[in-house]
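Breakdown of the fold
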Amino acid sequence: MASEIEIELAHALNSWGGALIQAGNFEGAIETLRAARDIYFRHRDRNPVGRAESLTNYALALKTVGLMIDAKLALQEALEIATSSGHSDQIRRIQAADAQLGDSLREWEDTYASLIESANYALREERYGTAYLRFCICAKLAGSKGDFRGGLRALEMAFAIEPRLESHDLNPARARTLKARLLGGAGWRSGEIIGILISGAYLWLARLKQPLLAGDFATITAEMHDHFRMLARLLLDAGRVEEALTAFEAGRALAHSVEVDRGIFDGVVAANPFSPDGKAVSTEILEQAQALLSKNEVFVVFAALPPDLVVFVVGVTGVNTHSTPVGSDFAQREQFIEQLGLIPIRLQERVGERALPRQIIEIARALTASVGSRIVRALMPYAELHSVPWRAVLRHVGIPWSQLRCGVEFGMLLRTTMVNSQEPLGCIALGYGSTGIPPDVIDLGDEARQFADAYGKHGLCVVPCSGGDVKQALLSKSTVLISCHGSAGTGFAEGQLVLYLSGGGEMVDSVIPEQVAAPVVILSACESGVYRTASGDFPVGAAASFIRAGARYCVGARFRLNARFSASFFRLLALELAQGVSMVDAFSKASEACEEIGFEPWQDLACVELMGGP
């Protein structure tokens with residue numbers, strides 16, 4: 001209750017400060033708005049818009065009394081807050097205020113000196129966090145002016161006071177990202193920049209001990225992603241391939257633990273492979289993953305490391321890489337990402353290989369030489385690269401189904417964090433509805449019956465089925481098939497699957513229990529495998545939700561299923577699984593059999609996806 005009263009007081013002070021500006025009482029406005037700012041800061045996770053507004057008013061008041069640098073700092077902070085919270089009206093107001101201020105700023109040399117003095121003033125008052133941030137703001141502005149050496153000097157002043165900062169302060173990690181950019185601008189050798197980024201990566205893992213505040217989340221996580229991608233890129237360019245892959249995967253796991261599943265954070269931090277002195281990246285976690293492979297097995301990691309699309313082919317004794325350019329500038333890379341997002345739609349339009357950007361086929365052809373005759377045990381795409389049906393692509397370029405015995409996974413360090421080791425005990429097949437036009441109608445209940453029949457006395461069929469039946473089945477330790485109509489949302493709701501069961505349409509999340517006991521969940525439903533990639537590089541969608549809740553594997557459809565293909569594929573899959581064949585081998589054999597029958601490789605085989613892994 002006390003905090004609510006304080007926030008209301010801040011609102012009142014903010015309004016009163018604005019009124020004092022209009023009345024020409026600028027000193028009173030500064031004092032009032034400073035008090036509002038301090039209250040908003042204490043409750044910064046609850047009202048970011050109010051905090052940004054008070055800082056903007058505060059900056060305007062400071063401008064009128066000639067305190068330009070302090071005004072600039074206040075506006076910089078306000079813009080970061082408004083951008084993180086996505087408040088477009090406030091962003092525009094800040095930009096307008098900043099434009100007014102820009103006309104009044106002096107030459108850069110004078111501005112630089114004033115910024116340094118502002119930081120030193122905070123330092124003399126023993127406000128170490130504020131001083132550190134001001135040195136960093138000075139460095140960032142220097143970089144934007146092309147004064148890279150001036151920016152580096154400001155950062156060295158910041159680094160000198162790091163021992164006085166709190167242990168969870170993230171600004172030292174962010175400052176290493178900034179220093180790497182400044183060193184690059186100043187023409188330093190990549191070896192020096194790599195050292196800074198390695199020490200910064202150590203800090204990112206060591207200091208992210210507390211959940212991020214809502215107002216800081218977007219800005220800080222974006223910088224974190226950039227830091228690890230930049231490091232992986234430079235290590236790769238330096239020929240330090242194993243370190244590059246380790247850095248990339250450590251960054252991906254850290255993002256997942258911070259943004260998606262805080263429960264795995266301690267394990268990720270314990271595996272911190274980065275030396276604090278910046279000298280090396282330990283590859284122990286990579287070696288542990290390699291130790292799980294036999295000499296005739298590999299796993300494949302697809303990474304976006306601008307300006308290239310990069311693939312790592314990981315074997316038991318080494319890592320091979322291949323790359324292809326996706327664009328030298330931001331616009332070209334954005335166009336490539338847009339093309340990736342359209343792949344499922346284009347495949348459904350029956351355009352075949354033309355649905356894929358040329359770089360996808362190029363990289364697939366390149367990696368076939370590294371794979372050779374070895375078995376692919378995991379496919380690990382990054383971010384929007386999840387939109388690519390990599391299994392179908394690799395089959396298209398010549399890798400036989402017998403070598404594609406894998407699921408689509410989420411990262412090397414995440415392989416052991418979401419595993420249900422329970423072997424399935426029989427199956428429960430649920431079905432509801434029908435599809436097709438009379439007289440050519442397919443009963444989806446028959447698909448469920450055929451699946452259960454393959455298991456004999458160990459198969460249970462539930463037709464028709466309700467949402468309650470589905471939830472109950474998922475609590476069993478059986479393989480679960482759900483055959484019904486499905487549709488996924490678009491836009492922000494993309495991947496939010498609706499299953500049409502006997503009680504009507506039900507959001508898939510409503511039928512997933514808190515803990516899924518079923519090791520394998522098979523969704524024979526249109527768009528059941530649709531997902532978008534969100535925070536932490538983790539797909540948002542039905543299949544991903546089942547895996548996060550405890551399933552070891554989940555099968556889904558990337559777009560609308562061909563009902564006749566579905567009936568054949570899942571019947572063949574059931575026959576293999578009922579004989580005790582592993583999920584990855586059964587999926588591979590069913591795919592090969594459907595190809596031999598004559599089903600379309602892009603329209604049918606590219607539609608079904610197996611997610612998850614051992």
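Okay, so let's go over this structure. (Residues numbered from 1 in each chain as written. Predicted model: local features only at pLDDT ≥ 70, side-chain atom pairs only at ≥ 80, totals over all residues. Heavy atoms only, no water.)

**Some details on the overall build of the protein**
Within the protein one finds 24 helices and 18 strands. For the protein, with 614 residues in total, the buried portion stands at 54%. Expressed as a percentage of contacts within the protein between residues at least 6 apart in sequence, the contacts between residues at least 24 apart total 71%. Of the roughly 25800 Å² that the protein leaves accessible, carbon and sulfur atoms contribute 51%. (Helix = DSSP H or I, 4+ residues; strand = E, 2+ residues; numbered from the N terminus. Buried < 20%, exposed > 50% of the residue type's maximum accessible area, 1.4 Å probe, protein only. Contact = heavy atoms within 4.5 Å. Areas by Shrake-Rupley, 256 points an atom, 1.4 Å probe, with all protein chains shown as cover.)

**A short note on the sheet that holds strand β13 (residues 504-507)**
Read from one edge to the other, the open sheet built from three strands follows the order β11-β12-β13, with strand pairing classed as antiparallel. Looking along the sheet, the strands with just one partner apiece sit at the ends: β11 (485-488) and β13. Averaged over all pairs of adjacent strands, the angle between strand axes in this sheet comes to 25°, irrespective of strand direction. Sheet analysis places β11 next to strand β12 (residues 497-501), joined by four bridges and oriented antiparallel. Bridged to Ser-487 within β12 is Val-498. (Pairing = 2+ DSSP bridges. Axes fitted to C-alpha atoms, helices over the stretch in contact; angles between N-to-C directions.)

**Brief notes about the packing of aromatic side chains**
Working definition: an aromatic ring pair is given by the centre-to-centre distance plus the angle between the planes. Taken as a whole and assessed by the stated rule, the structure comprises eight aromatic pairs. Their ring planes at 75° and their centres at 5.3 Å tell us that Phe-569 and Phe-587 sit as a pair that is edge-to-face. Pair noted here: Phe-569 is in helix α22 (residues 563-578) and Phe-587 is in helix α23 (residues 583-597), with a separation of 18 residues, a long-range link. Each member of the pair, Phe-569 together with Phe-587, is buried. Taken together, Phe-565, Phe-569, Phe-570, Phe-587 and Phe-599 form an aromatic cluster joined through their ring pairs. Positioned above the aromatic ring of Phe-159, the side-chain terminus of Arg-176 is 4.0 Å from the ring centre. (Phe/Tyr/Trp six-rings, centres within 6.5 Å; stacked < 30°, edge-to-face > 60°. Lys NZ or Arg CZ within 6 Å of the ring centre and 35° of its normal.)

**Some remarks on unusual backbone geometry**
Cis geometry marks the peptide bond from Pro-306 to Pro-307, where omega comes out at 10°. Following the sequence through the fold, Pro-307 ends up in the loop between β1 (297-305) and β2 (308-314). At the junction of Val-463 and Pro-464, the peptide bond is cis and its omega measures out at -10° in the coordinates. The topology assignment puts Pro-464 in the loop between β9 (459-462) and α20 (467-474). One non-glycine residue, Glu-126, lies in positive phi territory at about 65°. Mapped onto the elements, Glu-126 comes out in the loop between α6 (108-124) and α7 (128-144). A relative accessible area of 55% places Glu-126 in the exposed class. The backbone of Ala-383 shows a phi angle near 50°, a positive value even though the residue is not glycine.

**Here's the deal with the side chain of Ser-118**
Within the fold, Ser-118 resides in helix α6. Each residue touching Ser-118, except ones within four places of it in the same chain, is listed here: Ile-69, Asp-70, Leu-73 and Arg-134.

**Digging into the pattern of salt bridges**
One pass over the full model with this rule turns up 21 salt bridges. Salt-bridge contacts for Arg-240 lead to Glu-243; the nearest nitrogen and oxygen are separated by 2.7 Å. Among the salt bridges present, the one from Asp-585 reaches Arg-405, with a minimum N-O distance of 2.7 Å. In this pair, Asp-585 sits in helix α23 while Arg-405 sits in strand β5 (residues 404-408), placing the two residues 180 residues apart along the sequence. We classify Asp-585 as buried; its relative accessible area is 19%. A relative accessible area of 22% means that Arg-405 is categorised as partly exposed. One connected set of salt bridges, linked through shared partners, spans Arg-181, Asp-226 and Arg-229. (Salt bridge = Lys/Arg side-chain N within 4 Å of Asp/Glu carboxyl O.)

**Re the packing of helix α9 (residues 171-185) against helix α10 (residues 190-207)**
Here α9 crosses α10 at 165°, and the two axes come no closer than 8 Å. Comparing their axes, α10 and α9 come out roughly antiparallel. In the crossing of α9 with α10, the sense of the turn from one axis to the other is left-handed. Along its contact with α9, which presents Pro-172, Ala-173, Arg-174, Arg-176, Thr-177, Lys-179, Ala-180, Leu-183 and Gly-184, the element α10 presents Glu-192, Ile-193, Ile-196, Leu-197, Ser-199, Gly-200, Leu-203, Trp-204 and Arg-207. (Parallel < 35°, antiparallel > 145°, perpendicular 65-115°, else oblique. Left-handed = near helix turned anticlockwise from the far one by under 90°.)

**Topic: the pairing of β13**
Judged from the four bridges that link them, β12 and β13 form a sheet pairing that is antiparallel. Bridging from a neighbouring strand, Leu-501 pairs with Gly-504 of β13. A loop of two residues connects β12 with β13, the two strands running antiparallel in sequence.

**So, the nonpolar core**
Counting 82 residues, the largest nonpolar core has Trp-204, Leu-231, Leu-254, Phe-274, Phe-299 and Phe-312 as its most contacted members. Sequence-distant contacts of Trp-204, defined by excluding residues within four places in its chain, comprise Leu-170, Ala-173, Arg-174, Thr-177, Ile-220, Glu-223, Met-224, His-227, Phe-228 and Leu-254. Among the nonpolar cores identified, the runner-up in size contains 69 residues, and Leu-309, Leu-385, Ala-586 and Ala-590 belong to it. (Core = buried A, V, L, I, M, F, W, Y, C linked by side-chain atoms within 4.5 Å.)

**A word on the environment of Ala-291**
With respect to the helices and strands, the residue Ala-291 is situated in the loop between α14 (284-290) and β1. Its relative accessible area of 59% is what places Ala-291 among the exposed residues. Sequence separation between Ala-291 and Gly-315 is 24 residues, and the spatial gap between their C-alpha atoms is 9.3 Å.

**A look at the side chain of Gln-603**
With respect to the secondary-structure elements, Gln-603 resides in helix α24 (residues 601-605). By relative accessible area, which is 11% here, Gln-603 ends up buried. Ignoring anything within four residues of it in the chain, the contact list for Gln-603 reads Leu-347, Gln-348, Arg-350 and Phe-559.

**A word on helix α8 (residues 148-160)**
Spanning 13 residues, α8 covers 19 Å between terminal C-alpha atoms, matching the ideal 18 Å at 1.5 Å per step. Residues of α8 that are buried include every one of Gly-150, Gly-151, Leu-152, Ala-154, Leu-155, Ala-158 and Phe-159, and no others. Buried-residue contacts for α8 involve α6, α7 and α9. (Expected span 1.5 Å × (residues − 1).)

**Digging into the state of the cysteines**
One pass over the full model with this rule turns up zero disulfides. You can see Cys-138 has no disulfide; the closest cysteine sulfur is in Cys-136, sitting 9.7 Å from it. Lacking any disulfide linkage, Cys-465 is separated from the closest cysteine sulfur, that of Cys-484, by 6.4 Å. The exposure class of Cys-465 is buried, given its relative accessible area of 1%. (Disulfide = S-S within 2.5 Å.)

**Things to note about α20**
In an α-helix, one full turn covers 3.6 residues, which means residues spaced three or four apart are oriented alike. Restricting attention to buried positions, one finds in α20 the residues Gly-467, Val-470, Ala-473 and Leu-474. The arc that holds the buried residues of α20, viewed along the axis, is 125°, so those residues lie on one side. Buried residues in α20 make contact with β6 (427-431), β10 (479-483), β12, β13, β14 (520-524) and α21 (542-548). (Arc of directions from axis to C-beta.)

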